[in-house]
2 protein chains.
Amino acid sequence: MFFDDRKKRILSAIVETYIRTGEPVGSKTLSEFPGISVSPATVRNEMAALFEMGLLEQPHTSAGRVPSHLGYRAYIDSLMRAKPLTEDEKDGIDALFNIGDPDPDKLLADCAEALAEYTGCATIAMTTTPSYVTVEHIDIVPADATTVVLLVIASNGVVKSKVCRLGFRVNTGIADFFRKFANDRFCGHTLKEITAEFMNSVSIQLGEYSGVFNPLIVGIYELCKEVYDGQYYLGGREKLLTYNEYSDRALEIMKLISKRDELGPVIGNNPSGVTVFIGKENSLSQLSGSSLLVARFSIGENDCGTIGLIGPVRMDYSRLIPHLEYFAEKLGTLLSITYQRKTGDENG
Amino acid sequence: MFFDDRKKRILSAIVETYIRTGEPVGSKTLSEFPGISVSPATVRNEMAALFEMGLLEQPHTSAGRVPSHLGYRAYIDSLMRAKPLTEDEKDGIDALFNIGDPDPDKLLADCAEALAEYTGCATIAMTTTPSYVTVEHIDIVPADATTVVLLVIASNGVVKSKVCRLGFRVNTGIADFFRKFANDRFCGHTLKEITAEFMNSVSIQLGEYSGVFNPLIVGIYELCKEVYDGQYYLGGREKLLTYNEYSDRALEIMKLISKRDELGPVIGNNPSGVTVFIGKENSLSQLSGSSLLVARFSIGENDCGTIGLIGPVRMDYSRLIPHLEYFAEKLGTLLSITYQRKTGDENG
DNA sequence: GTTGGCACTCGAAAGATATGAGTGCTAAAG
DNA sequence: CTTTAGCACTCATATCTTTCGAGTGCCAAC
């Protein structure tokens with residue numbers, strides 16, 4: 001009753017066949033598998049043992065076997081042979097992102113969409129900003145008579161801008177005054193510190209001018225919050241409809257995925273590399289019928305976000321895990337190019 | 001066999017009941033309707049007449065009647081009594097958008113989402129830019145050593161910005177040079193004219209500098225294109241899953257809605273006010289089981305976009321049409337405030 | 001340890017039956 | 001001429017029954 005080699009081959013065969021067909025796998029099918037050259041009866045004995053060990057489940061008495069949650073776990077952790085991406089696949093993905101100077105937000109959104117397309121799963125792409133990131137510089141640029149552009153540059157290299165319409169003419173004197181004021185007040189503060197209360201106290205310091213400058217104060221707050229909160233993009237939620245596992249649960253899951261509050265904490269706290277949550281392993285009970293794959297990506301050394309995949313437990317892990325990994329790497333590389341200034345390259 | 005008052009009342013009752021229940025409506029149910037005080041047999045005679053006139057359909061011999069496409073049309077065009085929004089509803093919607101100086105893009109996306117929430121339908125919010133809109137001003141603002149912010153201001157008041165990372169240090173001299181160059185070349189041209197070919201010819205004029213400035217040229221192109229193309233936001237596509245009409249077609253419709261190429265032309269060319277396409281009236285055959293409601297919104301006098309609603313043919317037109325109308329108005333008002341500068345208010 | 005044989009289980013598919021809402025038609029009443 | 005009750009008829013839906021077969025567990029033989 002050890003977990004010997006033949007048992008491993010049988011478990012692998014069951015997982016792979018079930019993933020492919022979605023039907024419980026029977027002893028006859030397995031006995032015809034290359035690498036399993038024993039009779040159905042022997043396979044049945046082995047299956048009974050694997051069932052005892054908790055690695056298989058039986059939908060009902062007279063059906064074949066299905067991997068249990070532990071069965072998948074054993075398969076993924078030690079039996080599965082990951083299918084690395086072919087060069088063609090890599091080229092295809094590279095080509096998608098082969099655009100100069102991409103907008104980081106758009107990049108992330110596109111990545112979520114592309115990942116969904118490649119994997120047939122719902123995807124999430126999320127960035128997180130470490131709490132030590134500070135405001136490095138604030139700029140205000142008159143665009144036309146009453147319009148200015150606000151810029152917030154964070155210490156991690158992220159730059160966000162917002163167009164502000166003011167109720168009065170803005171000349172360079174006013175712009176210079178506000179620029180100095182804002183930089184004095186905000187530079188060096190972590191983004192985390194820039195709260196609504198903080199903004200209130202700053203506003204008070206503007207005294208009689210607090211009214212007219214309020215749109216700018218609010219604008220700065222919004223930009224800092226935008227940088228600190230990071231992004232949360234979804235892709236391909238409708239892909240779930242293609243799996244009959246979701247025939248009556250698709251709406252619920254799709255709604256859940258949309259909720260950053262719910263999913264953000266779950267996917268945001270994982271080690272580097274690909275982490276897999278199989279069915280009931282998910283902390284969210286609604287995901288007990290789904291598997292969640294997450295991979296972190298980083299800019300240089302700094303971990304900065306997560307991409308994730310949600311699909312039926314019966315998903316092709318051996319293909320999807322390397323894919324997710326590749327997308328995460330790619331994303332990290334591309335963002336690192338965009339945000340490289342911290343590590344030099346200022347010649348020109 | 002005229003379309004007399006009683007027939008109208010019966011048709012209205014059928015449409016309204018069917019919209020509410022989703023079940024074919026029978027003569028007995030109708031005879032109990034207030035306002036229809038005749039026996040089921042009489043109702044049957046009338047229904048037979050309405051059927052002859054093409055206003056009703058029969059799912060099968062022994063079922064009740066269902067409004068035909070023409071039946072809905074007659075109902076919407078002349079029988080329906082629109083349910084105006086209550087003050088509470090208006091207040092609720094107003095509250096959603098009660099934010100100072102909103103980002104127009106975000107406003108549109110939020111509007112699509114809110115409209116979906118209020119109506120239970122999938123929504124589209126789209127902007128279009130008239131072909132006479134020109135580039136009014138281009139600005140380039142150094143943000144840090146090698147980063148600049150590009151600004152494109154269009155003659156319709158739209159301002160878009162993009163952060164560009166350059167491979168070299170940018171001083172004010174360089175910025176001033178490029179600003180002048182860009183404004184000389186682009187200002188006054190319509191956005192429509194700013195094509196890839198046009199950009200190429202401009203790039204050539206930069207001679208030996210075309211290489212280093214290429215990111216900026218590309219950036220300007222992207223911004224102009226972004227303004228000219230306008231936005232296309234979707235909301236609540238998953239709402240369709242709540243209707244069993246879509247039980248096996250949801251994926252197809254959801255994919256269709258995502259395709260701007262397909263839907264853009266359909267919803268972009270409509271008169272002002274709310275336009276309704278019922279089922280087969282839609283030019284896209286995939287929408288033959290859906291109704292499409294579109295409403296234009298405008299900034300001041302200038303028509304600038306469309307919001308649309310997609311749901312089952314059996315939708316509550318009397319409620320949704322006024323809602324869509326209100327959202328369109330609201331959106332127009334809010335955008336007009338943002339883009340008001342064309343009509344004055346430059347005091348300060 | 002492995003295998004063929006065999007009775008047994010149980011879900012899915014196919015067929016049979018019943019139910020009932022709703023119809024069209026007819027003829028009588030208003 | 002319009003309205004209505006009566007009635008036979010239709011047909012989708014629901015329920016129940018039957019059949020079918022893939023797959024199992026166990027046993028005895030190899």
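This text goes with the structure placed above it.
Small disclaimer: the values here were computed from a predicted structure and weren't measured. Note on numbering: residues in each chain are counted from 1, in written sequence order. Note on labels: chains are lettered from A, ligands numbered from 1, in written order. Only residues with pLDDT of 70 or above have their local features reported here, since the model is predicted, and side-chain atom pairs are shown and tallied only from 80 upward, although totals for entire chains, interfaces and linings are computed over all residues. Heavy atoms throughout the structure, all of them, feed into the side-chain values; hydrogens and water do not.

Participant: Sorry if this is basic, but what is going on with the nonpolar core here?
Facilitator: In a soluble, globular protein the nonpolar side chains are often hidden away together inside. In terms of nonpolar packing, the biggest core is built from 214 residues, with Tyr317(A) and Tyr317(B) touching the most fellow members. We call two residues contacting when some pair of their heavy atoms lies within 4.5 Å. Residue contacts for Tyr317(A): discarding those within four places in its chain leaves Ile19(A), Tyr72(A), Ile76(A), Met80(A), Val276(A), Ile278(A), Ser291(A), Leu293(A) and Pro322(A). Counting 14 residues, the second-largest nonpolar core is a separate cluster that includes Val149(A), Ile153(A), Val163(A) and Val163(B). In this text, buried Ala, Val, Leu, Ile, Met, Phe, Trp, Tyr and Cys residues form a nonpolar core when linked through side-chain atoms within 4.5 Å. The buried label goes to any residue with under 20% of its type's maximum accessible area, the exposed label to any with over 50%, and the partly exposed label to all in between, with areas taken from a 1.4 Å probe on protein chains only.

Participant: Can you help me understand the packing of helix α7 (residues 172–186) of chain A against helix α8 (residues 196–205) of chain A in this one?
Facilitator: Think of two packed helices as two axes; the pair is described by the angle between the axes and how far apart they sit. All names here are of chain A. In contact at an axis separation of 11 Å, α7 and α8 are set at 140° when each is read in the N-to-C sense. On the basis of their axis angle, the class for α7 and α8 is oblique. Between α7 and α8 lies a crossing of right-handed hand. Each of Phe 181, Arg 185 and Phe 186 in α7 lies in contact with α8, whose residues at this interface are Phe 198, Met 199, Val 202 and Gln 205. Following the grouping adopted for this structure description, the nonpolar residues are Ala, Val, Leu, Ile, Met, Phe, Trp, Tyr, Cys and Pro, the charged ones are Asp, Glu, Lys and Arg, and the polar ones are all others, Gly among them. Of the residues assigned to the contact of α7 with α8, the class counts are 5 nonpolar, 1 polar and 1 charged. Angles here are taken between N-to-C directions and fall from 0 to 180 degrees, while the axes themselves are lines fitted to C-alpha atoms, restricted in helices to the stretch in contact. Helix numbering and strand numbering both begin at the N terminus, where a helix is a DSSP run of H or I of at least 4 residues and a strand a DSSP run of E of at least 2. An angle below 35 degrees is read as roughly parallel, one above 145 as roughly antiparallel, one from 65 to 115 as roughly perpendicular, and any other as oblique. Here a crossing is taken to be left-handed if its near helix is turned anticlockwise relative to the far helix by less than a right angle, and right-handed if that turn runs clockwise.

Participant: Would you explain the protein's contact with DNA strand D in this entry?
Facilitator: Being near a molecule or strand, for a residue, means having at least one of its heavy atoms within 4 Å of it. Near DNA strand D lie 20 residues; those nearest to it are Ser27(A), Arg6(B), Ser39(B), Thr42(B) and Ser62(B). Taking all atoms of DNA strand D within 4 Å of the protein, the share assigned to sugar and phosphate is 74%. We call two N or O atoms a polar contact when they sit within 3.5 Å, provided that within protein one can donate a hydrogen and the other can accept it, with sequence-adjacent residues counted only if both atoms are side-chain atoms. In the environment of DNA strand D, a sugar or linking oxygen lies 3.5 Å from a nitrogen or oxygen atom belonging to the backbone of Ser62(A). Here Arg6(B) contributes a side-chain N or O atom positioned 2.8 Å from a phosphate oxygen of DNA strand D. The set of elements that each furnish at least two residues to the surface near DNA strand D consists of α3 (40–52) of chain A together with α3 (40–52) of chain B. Within the surface near DNA strand D, the residues separate by chemical class into 4 nonpolar, 12 polar and 4 charged.

Participant: Quick question: what am I supposed to make of the protein's contact with DNA strand C here?
Facilitator: Neighbouring DNA strand C are 20 residues, the closest being Arg6(A), Thr42(A), Ser62(A), Ser27(B) and Arg65(B). Within 4 Å of the protein, atoms of DNA strand C come from sugar and phosphate in 72% of cases. With respect to DNA strand C, the side chain of Arg6(A) contributes an N or O atom lying 2.8 Å from a phosphate oxygen. At a separation of 3.2 Å, a phosphate oxygen of DNA strand C approaches a polar side-chain atom of Thr61(A).

Participant: Looking at this structure, how should I read the packing of aromatic side chains?
Facilitator: Note on aromatic pairs: each is described by the distance of the centres and the angle between the planes. All names here are of chain A. Centres within 6.5 Å make a pair out of two Phe, Tyr or Trp rings, where for Trp the six-membered ring is used; the pair is then stacked when the planes are under 30 degrees apart, edge-to-face when over 60, and tilted otherwise. One pass over the structure, following the stated rule, counts 22 aromatic pairs over all chains. Here the aromatic rings of Phe 177 and Phe 181 are separated by 6.3 Å at their centres, their planes lie at 20°, and the arrangement is stacked. Linking Phe 177 with Phe 181, this pair stays in helix α7, spanning 4 residues, or about one helical turn. Using a relative accessible area of 42% as the deciding quantity, one classes Phe 177 as partly exposed. Cluster of aromatic residues (ring-pair linked, three or more members): Phe 168, Phe 177, Phe 178, Phe 181, Tyr 209 and Phe 213. Over the face of the ring belonging to Phe 51 we find Arg 65, whose NZ or CZ atom lies 5.2 Å from the ring centre. Counting as a charge over the ring demands two things of the Lys NZ or Arg CZ atom: a distance within 6 Å of the ring centre and an angle within 35 degrees of the ring normal.

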